[in-house]
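# Overview (structure and organization)
This is what each chain is made of:
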Amino acid sequence: MFDERSGKWIKIYRGLTIALFWLYIAFGILAGIGDSSAEFLDIGIGGDDDGFLDFIVWVLAGGFVGFIQLVTNMLIIQFFNNVQIIREKIESR
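This write-up is about the structure you can find in this document. (Residues numbered from 1 in each chain as written. Predicted model: local features only at pLDDT ≥ 70, side-chain atom pairs only at ≥ 80, totals over all residues. Heavy atoms only, no water.)

As a packed pair, helix α1 (residues 8-37) and helix α2 (residues 52-91) sit with axes 7 Å apart at the nearest point and diverge in direction by 175 degrees. With respect to α2, the axis of α1 lies roughly antiparallel. Its residues assigned to classes, the contact of α1 with α2 shows 21 nonpolar, 11 polar and 3 charged. (Axes fitted to C-alpha atoms, helices over the stretch in contact; angles between N-to-C directions. Helix = DSSP H or I, 4+ residues; strand = E, 2+ residues; numbered from the N terminus. Parallel < 35°, antiparallel > 145°, perpendicular 65-115°, else oblique. Nonpolar A, V, L, I, M, F, W, Y, C, P; charged D, E, K, R; others polar.)

Structure below.
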């Protein structure tokens, strides 16, 4: 069940990476709604009175952080895939 040589761990990590990406986007949307309506968060990042720029800033920030996290983790996943392929080729000799 806990075989470290199995490829399922890379698939689990890939799934967690994608889920975290969408969570960052969702957080940006929720924080943007909260900041623009001044319901639970009133930071005033956008500097406008109606709060639309606050919403846009939060959504862009959540998307940017999510994208950076996604790219970084996908590079790590590709590294793990390459190490696993090399290990399998060495063991098959």
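On we go.
Because an α-helix packs 3.6 residues into every turn, residues spaced three or four apart end up facing the same way. Given a rise of 1.5 Å per residue, 40 residues ought to cover 58 Å, and the 58 Å separating the end C-alpha atoms of α2 matches this to within 8%. Buried residues in α2 make contact with α1. (Expected span 1.5 Å × (residues − 1). Contact = heavy atoms within 4.5 Å.)

Bringing the packing of aromatic side chains into the picture now. Scanning all chains against the criterion turns up 4 aromatic pairs. Measuring from ring centre to ring centre gives 6.4 Å for Tyr13 and Phe80, while their planes differ by 55 degrees; the resulting arrangement is tilted. You can see Tyr13 sitting in helix α1 and its partner Phe80 sitting in helix α2, a full 67 residues away along the chain. The partly exposed category is assigned to Tyr13, whose relative accessible area is 26%. Using a relative accessible area of 38% as the deciding quantity, one classes Phe80 as partly exposed. Their ring planes at 50 degrees and their centres at 6.0 Å tell us that Phe79 and Phe80 sit as a pair that is tilted. Linked through ring pairs, Tyr13, Phe79 and Phe80 together constitute an aromatic cluster. (Phe/Tyr/Trp six-rings, centres within 6.5 Å; stacked < 30°, edge-to-face > 60°. Buried < 20%, exposed > 50% of the residue type's maximum accessible area, 1.4 Å probe, protein only.)

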